[in-house]
Amino acid sequence: MSNADAQRSEEAQQDEFEQDLPEQIAVRLAKRDRLNELGDAYPVALPITHTIDQVREAYPALEVDVATGEFVGLAGRVMFQRNTGKLCFATLQAGSGQRIQAMLSLDKVGEEQLELYKELVDLGDHLFVSGEVITSKRGELSIMVDSWKMAAKTIRPLPNLHNELGEEYRVRHRYIDLIVRDRAREVVQIRSKVMQSMRKTFAERDFLEVETPMLQTIHGGASARPFKTHSNAFDTELFLRIAPELFLKRAVVGGIDRVYEINRNFRNEGADRTHSPEFAMLEAYQAYGDYNSIADLTQALIQNAAMDVFGTHQVTLEDGSINDLGGEWARISMFESLSAACGVEITPETPIAELKKIADKEGIEIDHPLHGKYVEELWEHFVKGDLVNPTFVMDFPVDTSPLTRNHRSKAGVVEKWDLYIRGYEQATGYSELVDPVIQRERFVAQVQLAASGDPEAMKLDEEFLKALEFGMPPSGGMGMGIDRLLMSLTGLGIRETIMFPLVK
RNA sequence: GGGCCUCUAGCUCAGUUGGUUAGAGCAACGGACUUUUAAUCCGUGGGUCGUGGGUUCGAUCCCCACGGGGCCUACCA
């Protein structure tokens, strides 16, 4: 297509755009033009002296019909309008959600400015007003406007504020959701404060925050299907990371003894109420720690976050129920809790055939070559549902945990825990496997699994093994889903804790 | 991946057992109103009924395909 053709087609598209406009958008575009004729529909600077929050704070409880003598200039989004012939009311909203009323009367602003206001200001516009802080005859804290200016003209109408938005509209137009729904703003604030709190806890313990590669030539550190992409410069296949683990361990080899990363992981798997294809993950490693010390750290991170953000360890969830995160969290053994729950002694030596018999009796279908897979499935069936309070489930089967050290005294299990809160897996922690010879054997076993068709089996990462061969100190490590943590702290679904979840 | 449900105005929703011109509230437009709080009152406009095909004299409604969304189910954190 030639440049001229391209331009013509662009103009055609522009015409089409303007012809097909919904009535309200056409009307607002005309108002925008009018504002630009008179001045500027989008001025770069406005003489703002106060925020809405500041004015509200300064006058928490004025009597009815008071004039304070204080003159302010402030701006906010017009959320409601109530116009009478010679007196207009507008409710202005700040980004914080704070609101204040603006009043425009004929004798203060004059006929021309009042008429222009009525003609050009719509719901949703950002409006600047300057005038005296007063209360109305009904006691509403207000600005008695001397002059007003459009701060930013909106072209699309806000949805009506008297019905809840549909779920799909909320997710696809989160910026609207944030404007009209207090809870949406609150969740963003909570998430930010939780991150601040966790970084503070880490800093107090001398952990360094680092960033490791998201684009990787070999994906590792977890069992999951990766997203694939391609590098033109290197002409090679790349993977979006499924976990940062193998790079954070390289950092520990390098002497970054206390290290953590909070960043995104990507897993090419199903999405539902508790899973998102991209999700925020915290991983932390502590040299000369083990799975006990890292469990202590995990408990501290979550309890500090609850205390810093909500001022209590007993957090109230969306449905009104209480999630009690207080006290020392229980630590139970996977094999012992499973044995107790199903009434049969189950150990790492229990033959697969016997485990299969129990599974069949319970109506659980398992088709997997690994002993540990049966144990974990049975455990989830018998025990998981009953775990409401925070609980560390300790000492997992060896064959499903290729990056974890063998238990120091119990045969057939590794030093790994999963943290469950309200029945959801919240975090996992290890005494890290640092023996490069055993690590190589574990990877080889994974490669065999992959050869037998398991798409989630780990790949053998020679560069990571080489790093281990230079000596990694004994370490504890943990990983925690941030979105999941937010769910535990609020009771919301994952798509509400992520500001912009993936939508088709 | 499998099953069930759903898509109507800017937003939230009615509705049509297939029949002339598809409705409401808020929003918009015109008018009245100097203390409103979803202001009120009078009037007006606004729709490819998700998209494409089929059945029919006639389809927004019935059928098929496709697309978006939701719930359940399976895998994974």
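No experiment lies behind these values; they were computed from the predicted model shown. (Residues numbered from 1 in each chain as written. Chains lettered and ligands numbered in written order. Predicted model: local features only at pLDDT ≥ 70, side-chain atom pairs only at ≥ 80, totals over all residues. Heavy atoms only, no water.)

A. Expanded view of the overall build of chain A. Secondary structure summary: chain A contains 16 helices and 18 strands in total. Expected size for 504 residues packed as a compact globule is a radius of gyration near 23 Å; at 30 Å, chain A overshoots this value by more than 25%. A principal-axis box enclosing the C-alpha atoms of chain A has dimensions of 90 × 65 × 50 Å. Here chain A holds 504 residues, and the buried ones make up 48% of them. Surface accessibility of chain A: about 25,200 Å² in total, with carbon and sulfur atoms responsible for 50%. The average position of the 55 basic charges and that of the 80 acidic charges among the side chains of chain A differ by 2 Å. (Helix = DSSP H or I, 4+ residues; strand = E, 2+ residues; numbered from the N terminus. Rg over C-alpha atoms; globule rule 2.2 N^0.38 Å. Buried < 20%, exposed > 50% of the residue type's maximum accessible area, 1.4 Å probe, protein only. Areas by Shrake-Rupley, 256 points an atom, 1.4 Å probe, with all protein chains shown as cover. Lys, Arg positive; Asp, Glu negative; His and termini not counted. Charge placed at Lys NZ, Arg CZ, Asp CG, Glu CD.)

B. The sheet that holds strand β8 (residues 228-231), seen in detail. Pairing within the open sheet is antiparallel, and its three strands lie in the order β7-β9-β8. Because the sheet does not close on itself, it has two edges, and the strands there are β7 (215-216) and β8. Relative to strand β9 (residues 236-240), β7 runs antiparallel, the two sharing two bridges. Its bridge partner lying in β9, L215 is registered against L240. (Pairing = 2+ DSSP bridges.)

C. Spotlight on a nonpolar patch on the surface. A cluster of nonpolar side chains, V188, M499 and F500, forms an exposed patch at the surface whose accessible area comes to about 260 Å². Inspection of the secondary structure puts M499 in the segment after α16 (494-497). Looking at M499, the relative accessible area reads 33%, which means it is partly exposed. (Patch = residues over 30% accessible without salt bridge, like charges linked within 9 Å, V, L, I, M, F, W, Y side chains within 5 Å. Salt bridge = Lys/Arg side-chain N within 4 Å of Asp/Glu carboxyl O.)

D. Looking closely at the packing of helix α11 (residues 352-362) against helix α12 (residues 371-382). With their axes 10 Å apart at the nearest point, α11 and α12 run at an angle of 30 degrees to one another. With respect to their mutual orientation, α11 and α12 come out roughly parallel. You can see that α11 and α12 cross each other, and the crossing is left-handed. Note on element contacts: α12 touches α11 through H371, Y374, V375, L378, H381 and F382, opposite I352, L355, K356, I358, A359 and E362. Partitioning the contact of α11 with α12 into residue classes produces eight nonpolar, two polar and two charged. (Axes fitted to C-alpha atoms, helices over the stretch in contact; angles between N-to-C directions. Parallel < 35°, antiparallel > 145°, perpendicular 65-115°, else oblique. Left-handed = near helix turned anticlockwise from the far one by under 90°. Contact = heavy atoms within 4.5 Å. Nonpolar A, V, L, I, M, F, W, Y, C, P; charged D, E, K, R; others polar.)

E. How the structure looks around the nonpolar core. Judged by nonpolar contacts, the single largest core of 36 residues is most densely connected at V194, M198, L282 and W417. Counting residues per element, the ones that place at least two in this core are α7 (182-204), β10 (258-266), β11 (278-287), α9 (291-310), β15 (391-397), β16 (413-421), β18 (475-481) and α15 (482-490). With nine residues, α9 is the single largest residue contributor to this core. (Core = buried A, V, L, I, M, F, W, Y, C linked by side-chain atoms within 4.5 Å.)

F. Examining the protein's contact with RNA strand B more closely. Taken together, 47 residues sit near RNA strand B, with E23, K31, D107, R138 and R484 positioned nearest. Those atoms of RNA strand B that come within 4 Å of the protein belong to sugar or phosphate at a rate of 53%. Take H162: an N or O atom from its side chain is 3.4 Å from a sugar or linking oxygen of RNA strand B. Contacts to RNA strand B include R172, whose side-chain N or O atom sits 3.0 Å from a sugar or linking oxygen. The set of elements that each furnish at least two residues to the surface near RNA strand B consists of α2 (23-38), β1 (67-83), β2 (87-93), β3 (99-105), α4 (106-120) and α5 (167-172). Along the lines of polarity and charge, the residues of the surface near RNA strand B split into 13 nonpolar, 14 polar and 20 charged. (Near = heavy atom within 4 Å. Polar contact = N/O pair within 3.5 Å; in protein donor to acceptor, adjacent residues only side chain to side chain.)

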